[in-house]
Amino acid sequence: MRRIWLLLLPLCLSTIALSQTQVISGRVTDADTKEGLPFSNVYIPGTTLGVSTDLDGYYTIELQNPADSIAASALGYDVRIKPIPTAGDSISISFSLGNSDFTLEEIVVIAGENPANIIVRNIIENKDENRIESQNTVQYESYSKVELDLENIDEDLRSKKWMKPFAFVFENIDSTSDEKPFLPVYLNENLADVYYVKGEGDAKEVIKGQRTSGISNQSVVEYIKKIHQKFSIYDNWIYVLEKPLASPFSDAGLFYYEYYIQDSAYINNNWSYKLKFKPKRKQENTFFGDFWVTDSTFAIQRVNMRMSPDVNINLVSRVIIYQEFDTLQNIFVPFKQKMIVDFTAAEGTPGMIGRRTETFKDFVLNKPDTKKRFSESDPDYTLEEIEQNDESYWQSVRHEPLKATEEGIYAMVDSIKNVPIYKTYVQILETIFTGYFEFGNVEIGPYFSVYSNNPVEGNRVRLGLRTTPGFNKQLRIGGFLAYGFRDQDFKYGADLQWRISKKPRVLLGAAYKKDISLNSESSETFVEGDLFSGTFRRNILQKLISVEEAKIFYERSWKKGFSNRLTLLNRNMDPYGALTPDGAGFNYGYLDGPNDIPANIDTTINTTELIFKTRFAPGENIIDGNYNQVSFGSTKPIIELQYTLGVEGVFGSDYNYHKLDLYFRHYVNIPPIGWLSYRFKAGKTFGTVPFLLAEVHAGNEGFVSNRGTFNTLNRYEFASDTYFMMLLEHHFDGYLFNKIPWVRKLDLRAVVNFKAVIGSLSDANQAANLNYVDDFTGTEVPPFQTYLGFTTPSRRPFMEAGVGIENIFKVFRVEAMWRLSYLNNPEIPKFNIMVGTAFYF
């Protein structure tokens, strides 16, 4: 018996070994973004054994019987198969999947409706009840992190001489992929309490802590965050860089997508279905991916989707959205979500990946106390108040730990700043984009104003100086000096700005200048221009004005987008006339009273104005510098109201008048046919004044189009003391050109515009302004006044329209412009082809 057992023992041990469970775990990631692929399939080829990865791409699979290989697949990716080692009970195998052209086999339904469509229809019908916003009150804690990574940093770039001082940086490159390593360069963490009350507008987010790698400007931080706009998968449109993409759960989802049932299983005690979806047509703003949905309430449990590869969004090669929900009191609430935006200018060039991960916990639903906290909450804050740099604090509050590459970002950015040549590179970039070169505590520039030419000055040179925050973070002093070689005269100016307070933002300033101007508007009037609006002009006479202006101002910003500005301003204007031998020029003339005769006309203007401006811009994206603010617009209307009081006798002023101007601008998305920008401006001047102090409707004499002016109107051609102006511009994005097979690969976009203004001039102002003509008929006044005078668009509106193609090489546009009324002025173009610049994602 002993010998028999000794003979059987090896066989028993072999049998035990064969029956022992083998555990394989690992992660499935995107080869380009290095992000885990949620809900991808990991399986044993040739069997029915397999699992799905979790939200971050991790999986674990147990094998009762040995297998020689394991595979991973996901919609839109190549299948990868790897061998399984024979030794070891616990094995780690990870996959990096590359992109593939996705095709889903056609499913033919013999009779009745595709069952997937029935499920989708129920999702749409029940989505309002399944939104978290369907609850009366909601509060929760949100933890988010935004990371920017550089990719495609190849060896050639790293070996460049100018990159040698930063060799240590590349030690932080994430090498999880041998194909496209990436370098994390920015990280922002944010912890907040969020309160929502049904019927009270948007949720309020009260920041409890924020930490950023290197960038301390709060508005810059907020702008980077807005790369990843907040979204709900139940919305009809999901916005990425302000571009709408049709949600798979849109009311029109069945119009945009085809759906397929792929699987069914119990998930968190709910019988659920897994569906895949893909676009019905090419080059529409759509996604492809898959999701899990319950069969009872039709609430979405998990969704994984990627932007269709041929969507017309500039510089963006991919967008990935993941979202997972959990149950609370039989309600599905968000648990975790990610949005990844991959920026790549061209294939093989360095790019940037922006990732935003947000997790949620501590939900409280329908509690009376939430409404009180909502009303008491003040989301307005400054970075200094909520900045938390204590690592122990973040370890205690993070919903999930940082990855190793994320932890290294803070130390790496600080190290980069200590490299001496880093400041030189930063200075070069700042000079290119701001126009100023920093020299110690002074900036010199802007470089694009150093040289210019005009009929009065001939060749002109200009030098400007201003102090930097190194001199004083609250006080800026600046000035300029210019010289014209034809008139042999100096022009100069100086300004001072003191930021009294940052919260609220309070400014006090003063400025003086003596210079030449193309416009009659004061420095308090916003005149929209183009980079090339002063160059490449039609061959007509420029009407120039010698301007001397002094002002002091006080400005304060309030909460909710309100701001006020009060200015006391004095202006002296002297239009240049007789610039050519035939006497052509700006032959301006004004009669001070009804009994004046032409021999006593006034050819100059002296006015003192008290200007009060109110601005309302809710939700405006602003980068707030030490001295100035830069606006990146708002999704809500921006309204400006300005009242101007002209005071006679103060600092030599000759006029009494009142002036009201209202400016409204907004844009609205109209998916899928693009977006509409609309602007209105209306105003009235009370009193008898030179037309240069009323509303001079802005014209453009160049070949470069300008969105904010009339492109077939000459400067000083029209003026009104009562007016209404409308500017409409519709951008079709790729809606039209994407439907043309041989054109859509060019990513061209169509644009149309219509502009109109109607106005009037009182009888007193018509009589006082010698330049006024009843109409450009060429018969009612001497011939020289047919083009030297001005009129008013009172008989009918002045109108123009344009059709164009934009997004040429991403930044250029070409437009055909038609002037639709007042066609009898001999100097105007009735039709014109103009070029312009504009960049939209």
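The following paragraphs examine the structure supplied in this document.

1. Side note on the environment of Leu728
Within the secondary structure, Leu728 sits in strand E38 (residues 722-733). For Leu728, a relative accessible area of 25% translates into the label partly exposed. For the pair Leu728 and Ser677, spaced 51 residues apart in sequence, the C-alpha to C-alpha distance is 5.9 Å. Filtering out sequence-adjacent residues up to four positions away, Leu728 remains in contact with Ser677, Tyr678, Val752, Asn753 and Phe754.

2. With respect to the pairing of strand E1 (residues 22-30)
Put simply, side chains in a regular strand alternate between the two faces of the sheet. Among the nine residues that make up E1, seven are buried, leaving the element largely enclosed by the rest of the structure. Here E1 pairs with strand E4 (residues 58-63) via six bridges, running antiparallel. Of the residues in E4, the one forming a bridge with Val23 is Glu62. Bridging between E1 and strand E7 (residues 90-92) involves three bridges; their strand directions are parallel. Directly across from Ile24, in E7, lies its bridge partner Ile91.

3. Some details on the pattern of salt bridges
One pass over the full model with this rule turns up 40 salt bridges. Taking the shortest distance from any N to any O, the salt bridge between Asp251 and Lys127 comes out at 2.9 Å. With Asp251 in the loop between strand E13 (243-246) and helix H5 (253-256) and Lys127 in helix H2 (residues 115-130), this residue pair connects regions lying 124 residues apart in the sequence. Here Arg565 and Glu555 are joined by a salt bridge, their closest N and O atoms 2.5 Å apart. Of this pair, Arg565 sits in strand E29 (residues 562-575) while Glu555 sits in strand E28 (residues 545-557), placing them ten residues apart in sequence. For Arg565, a relative accessible area of 17% gives the class buried. Using a relative accessible area of 16% as the deciding quantity, one classes Glu555 as buried. Among the charged side chains, a network of salt bridges with common partners joins Glu457, Arg460, Asp487, Lys491 and Asp515.

Each value, and the rule that gives it
- Residues numbered from 1 in each chain as written.
- Predicted model: local features only at pLDDT ≥ 70, side-chain atom pairs only at ≥ 80, totals over all residues.
- Heavy atoms only, no water.
- Helix = DSSP H or I, 4+ residues; strand = E, 2+ residues; numbered from the N terminus.
- Buried < 20%, exposed > 50% of the residue type's maximum accessible area, 1.4 Å probe, protein only.
- Contact = heavy atoms within 4.5 Å.
- Pairing = 2+ DSSP bridges.
- Salt bridge = Lys/Arg side-chain N within 4 Å of Asp/Glu carboxyl O.

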